[in-house]
Structures are given as structure tokens and as C-alpha cells.
Amino acid sequence: MADPHPRPIKVLHVVGARPNFMKVAPVMRALAARGGRFEQRLVHTGQHYDQAMSQVFFEELEITPPDENLEVGSGSHAWQTAQIMMRFEPVLTDAAPDWVIVVGDVNSTMACTLVASKVGARVAHVEAGLRSFDRDMPEEINRLVTDALANLLLTPSPDADENLRREGIPPERIRQVGNVMIDTLCRNLERARARHVHRRLGVPPRGFVYVTLHRPSNVDGRESLRAIADCLSGTAERRPVVFPVHPRTRQRLADFGLLAGLESRAGMRLIEPVGYLDSIGLADQASCVLTDSGGLQEETTFLRVPCLTLRPNTERPVTITQGSNHLTTLATLPADLDEALHRRESGETLPCPPLWDGRAAERIADVLLEA
Ligand code: UD1
């Protein structure tokens, strides 16, 4: 049979913000391993730009430096989206790829998908089909727009396929490939463990709560953030709390006069944002994780570490039905925490969703070669 791809397939990858980097790394590696079948370029929109929010991930995950950095920076959603679109268009036109590959659900994902669709470039979306059914979340809008436009929807789990079918997406555009975040986790877990981050922070192994909170719905409102700070103070009285603070959260804690009080609490370790390896190391050694991050819900499911998600919903329901995740509220957090600590101590073994096996990116390479 004649080779459908007599020349290398030209791929333009897009990343923008922290949760994108661990998704693009395995895909670029898997495509590079196919002996010259793919020609790859990487665009960083610059949505995240601090060393701790961007560069450290390139170094730790051995991602090649971006061919283009659009240096967009922070701004309102409309401003940021518009800037990404304007700056991405000439880069796309110049590269003329066979595929634009976007990952996740951040503003960069949606903005570059819109640009590519308008010029008729084919888009593949990695981590397609997730839905929180909550349009107050900016990421839900990004997911809906991206999936409506993308040509190839690469999904991590069966619920994602179902969501897409319900939205009328033709089945031939949907491919369940598994979870690329877990590819990165499998590859880096031993390296992460060898760093002993908990020792450096002086907290006991399996004896602390790892906290990450940055969603606007949790941290942007004064009352909500004050209630969270009170709750974390109560938690720190029972177990040490390790809390790497996202720039958005740090700014709001400072704005609302909550930062100094929280920092001075016994048992509370407020630290700068950590890189990928230390985040994994902390999740692996925590008694329990308290978060509003999407990625940590998946990572804790794979690590079988109890996770409490401080949100009314999740776009990752398999982490609840087949994993270690539970939704929590400020009202139920103390009781939920007790229960989670007991789960870790009793060593409950949990299953892991299918295709969360470290080989999702290889399946993506296969799909692209067939497409
Ligand atoms: C973005 C994503 C969110 C993701 C999160 C992970 C969208 C809509 N949101 O939210 O889905 O979970 O990244 O971190 O795309 N800032 C810095 N340094 C940086 C980047 C941001 O200090 O490198 C500060 C700026 O003050 C900025 C604020 O953080 O205004 C928020 O950044 P932004 O990219 O708008 O949203 P995130 O909350 O990070």
C-alpha cells in the first residue's frame, strides 16, 4: 500500500500556561521517536512567563526551547485571548503545518484553535471532551469552543467520549488515547522521589497536607478566601500544611490582608510555586492533597493518594468514580480531611482508569500517522 505520508507530517505544538507543559512533553517525545515521520515546531504564547511558572518545566521535563515565544503575558480574558490570536496568526501562516496540536483548556488552547480553524488548518486537541458543566469556569468555555472546532479529539477517558457524542461530534473525529499527564508522571516519578522534597521542607513523610489553590472562584473573593485561610489554619493545627502559593493567590491574600497571618501560623509552610518534580514528590508523600487543580486530581488518582477537591464539580469524574478524589466544601472539609487521612493510613488500594498507563502519547503518534 502507498505511504499516505511520503514527506514528514508538519506539526505545530502550542503551549501557554503551567498545566500545558507536562502534556506537550510526552507528545513531542513520542512523535520524535517515529524516525523522521514528523517535523515539529513549538510555540509558547507566553501566557505564563515567570521562571517558576514556565521555564522550570522546560528544564525538568527536557522540552526543547520554543521556536517562537509570543510573549503575551497577563491581562483580562478578552485582552489575553485577542493578543494570542493576533500574534499566533503570522506564526501559523509561516509554518503552514499539517496539524496544530493544542492541549488542555487554558486561554492559549482556545485562542490558537480559533485562529487555526479560520485559516483552515487542522487542529488536534489533546485532553478533549472533559466537561464540568459549569460555564462560570473560564476553562469550560475554552473546552467547549476548542472541541467544537478541532478536527481530531484525543480523549483521556470514556466519559469524555460520551460528552462529545452527546454534543453531536461525529465519532470519526473522536479517539480515546488515554491520559498524557500520566505519561509524564510515569516517566518522572522516580526522579521526583529521589529529590526528597518533604525532607528539605522539614515535614514528615506521609505526615502533611499538600495544598494548591488558584481558581478564581476560590481565591478572587474576599469572603471565600478568608474562609479558606481560616480553614487552612485549623488544618495546620492538626498536620503540617505545605502550600506553594500561585501568583494569583498570593496577590489576593496580600490584597485582603490575609498573607501575614497565614504565614505566621505554626505548622503552615507557605512557599513559592514549585516545579513539576517537587509537586509530584509532595503529592506522593502527602497524607492527603487539598486542591482545586485539574492535574493534581489525576496525579493523586494514579498515586492512590487521597485528594480533596475544593470545588462544586469536576471535569474529571473518573478521578472520583475510579480514583482517590472527593469533592469537598469548606463546611465539610474538617470531616472530609479526617476521612481522607484514615484512608491513607489504612493503605486502601484503589484502581486506576484504563489507558492511564504511560503510553497515551504513543497512541497519539499512531492516530496522527493514520489520519
Ligand atoms: C491559568 C489558566 C488555568 C490554569 C492556571 C494554572 C486560563 C483561563 N486559566 O490561570 O486554567 O489552571 O493557569 O496556573 O487560561 N501571573 C504571574 N506570573 C505568571 C503568570 C501569571 O505572576 O507567569 C499572575 C498575573 O498576575 C496574572 C495572574 O497570575 O494576572 C493570573 O494568571 P492567568 O494566566 O491570567 O491565569 P491563571 O490564574 O494562572
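Refer to the structure above for everything that follows.
Heads up: these notes are all about the structure in this document. Everything numeric here is computed off the predicted structure, so don't read it as measured data.

Thoughts on the overall build of the chain
Right, so step 1: Of regular secondary structure, the chain possesses 17 helices and 13 strands.
Right, so step 2: Taken over C-alpha atoms, the radius of gyration comes to 20 Å for the chain, in line with the 21 Å a tight globule of 371 residues would show.
Right, so step 3: In terms of its C-alpha atoms, the chain occupies a principal-axis envelope of roughly 65 × 40 × 40 Å.
Right, so step 4: Relative to its 371 residues, the chain shows a buried fraction of 58%.
Right, so step 5: Split by element, the accessible area of the chain, about 15000 Å² in all, is 52% carbon and sulfur.

Side note on the environment of Ile84
Right, so step 1: Note on placement: Ile84 falls in helix α3 (residues 77–95).
Right, so step 2: As for Ile84 and Thr45, which are separated by 39 residues in sequence, their C-alpha atoms are 6.4 Å apart.
Right, so step 3: Non-local contacts of Ile84, meaning those with residues more than four positions away in its chain, are made with Thr45, Gln47, Leu70, Val72, Asn107, Ser108, Ala111 and Cys112.

A few points about helix α16 (residues 333–345)
For an α-helix, the turn length of 3.6 residues means that residues three or four places apart are oriented alike.
Right, so step 1: In this model, α16 (13 residues) spans 18 Å end to end at C-alpha, consistent with the 18 Å of a helix rising 1.5 Å per residue.
Right, so step 2: Where α16 is concerned, the buried positions are Leu333, Leu337, Ala340, Leu341, Arg343 and Arg344. Taken around the axis of α16, the buried residues stretch over an arc of 155°, which confines them to a single face. Among the exposed residues of α16, those pointing more than 90 degrees away from its buried face are Ala335, His342 and Glu345.
Right, so step 3: The elements touched by buried residues of α16 are β8 (209–212), α10 (222–236), α13 (276–285), β11 (288–291), β12 (307–309) and β13 (325–327).

Overview of the site of the ligand
Right, so step 1: The full set close to the ligand counts 19 residues, and Gln47, His48, Asn107, Glu139 and Arg248 are the nearest of them.
Right, so step 2: At 2.8 Å from an oxygen atom of the ligand is found a side-chain nitrogen or oxygen belonging to Gln47.
Right, so step 3: At 3.0 Å from an oxygen atom of the ligand is found a side-chain nitrogen or oxygen belonging to His246.
Right, so step 4: Look at the ligand: alone it shows 750 Å² of surface, and the protein chains cover 85% of it.
Right, so step 5: Per-element accounting of the shell around the ligand gives the leading share, three residues, to helix α5 (residues 138–149).
Right, so step 6: When its residues are assigned to classes, the shell around the ligand shows six nonpolar, eight polar and five charged.

Remarks on the packing of helix α7 (residues 180–194) against helix α14 (residues 294–303)
Right, so step 1: Two elements in contact, α7 and α14, have axes whose closest approach is 10 Å; the angle formed by their N-to-C orientations is 55°. Considered as vectors, α7 and α14 are oriented oblique to each other. Both α7 and α14 take part in a crossing whose hand is right-handed. In this structure, α7 contributes Met181, Ile182, Leu185, Cys186 and Leu189 to the contact, and α14 contributes Gly295, Glu298, Glu299, Phe302 and Leu303.

A look at α13
Right, so step 1: For α13, the buried fraction is high: 10 of the 10 residues fall into the buried class.
Right, so step 2: Among all positions of α13, only Tyr276, Leu277, Asp278, Ser279, Ile280, Gly281, Leu282, Ala283, Asp284 and Gln285 are buried.

Describing the side chain of Ser233
Right, so step 1: With respect to the secondary-structure elements, Ser233 resides in helix α10.
Right, so step 2: Contact partners of Ser233, with chain neighbours within four places excluded, come to Leu262, Arg265 and Met268.

Let's talk about the nonpolar core
Right, so step 1: Counting 38 residues, the largest nonpolar core has Ile63, Leu185, Tyr210, Tyr276 and Val289 as the members making the most contacts within it.
Right, so step 2: For Tyr210, the contacting residues outside a window of four places in its chain are Val242, Pro244, Val274, Ser279, Leu282, Ala283, Ala286, Cys288, Val289, Leu290 and Leu296.
Right, so step 3: Within the second largest apolar cluster, 28 residues are counted, among which are Val219, Ile228, Phe243 and Cys288.

Quick look at the pattern of salt bridges
Right, so step 1: Within this structure, the stated rule accounts for 31 salt bridges.
Right, so step 2: Where Arg193 meets Glu190, a salt bridge forms, and the shortest distance between an N and an O atom there is 2.9 Å. Linking Arg193 with Glu190, this pair stays in helix α7, spanning three residues, or about one helical turn.
Right, so step 3: Note that Glu263 is salt-bridged to Arg250, the shortest N-O span being 3.8 Å.

Section: the sheet that holds β12
Right, so step 1: On the basis of which strands lie adjacent, the open sheet formed by six strands has the order β10-β9-β8-β11-β12-β13 and parallel pairing. Whereas interior strands pair on both sides, the edge strands pair on one side only; in this sheet they are β10 (268–271) and β13. Averaged over neighbouring strand pairs, the angle between their axes works out to 20° when direction is ignored.
Right, so step 2: On top of the sheet, α13 reaches β8, β9 (241–244) and β11; it is set at about 135° to β8, its chief contact.

Focus on the sheet that holds strand β1 (residues 9–15)
Across a sheet, paired strands are connected by hydrogen bonds in the backbone, their directions being either parallel or antiparallel.
Right, so step 1: The seven strands are arranged β3-β2-β1-β4-β5-β6-β7 in an open sheet whose pairing can be described as parallel. Only two strands of the sheet have a single neighbouring strand rather than two, namely β3 (68–69) and β7 (174–176).
Right, so step 2: Where strand β2 (residues 38–44) and β3 come together, two bridges link them in parallel fashion. Bridge pairing links His44 to Asn69 in β3.
Right, so step 3: Strands in contact with helix α17 (residues 360–370) are β1, β2, β4 (99–103), β5 (123–126), β6 (152–155) and β7; relative to β6, the strand with the most contacts, it is inclined by about 160°.

Rules used throughout
- Residues numbered from 1 in each chain as written.
- Predicted model: local features only at pLDDT ≥ 70, side-chain atom pairs only at ≥ 80, totals over all residues.
- Heavy atoms only, no water.
- Helix = DSSP H or I, 4+ residues; strand = E, 2+ residues; numbered from the N terminus.
- Rg over C-alpha atoms; globule rule 2.2 N^0.38 Å.
- Buried < 20%, exposed > 50% of the residue type's maximum accessible area, 1.4 Å probe, protein only.
- Areas by Shrake-Rupley, 256 points an atom, 1.4 Å probe, with all protein chains shown as cover.
- Contact = heavy atoms within 4.5 Å.
- Expected span 1.5 Å × (residues − 1).
- Arc of directions from axis to C-beta.
- Near = heavy atom within 4 Å.
- Polar contact = N/O pair within 3.5 Å; in protein donor to acceptor, adjacent residues only side chain to side chain.
- Nonpolar A, V, L, I, M, F, W, Y, C, P; charged D, E, K, R; others polar.
- Axes fitted to C-alpha atoms, helices over the stretch in contact; angles between N-to-C directions.
- Parallel < 35°, antiparallel > 145°, perpendicular 65-115°, else oblique.
- Left-handed = near helix turned anticlockwise from the far one by under 90°.
- Core = buried A, V, L, I, M, F, W, Y, C linked by side-chain atoms within 4.5 Å.
- Salt bridge = Lys/Arg side-chain N within 4 Å of Asp/Glu carboxyl O.
- Pairing = 2+ DSSP bridges.

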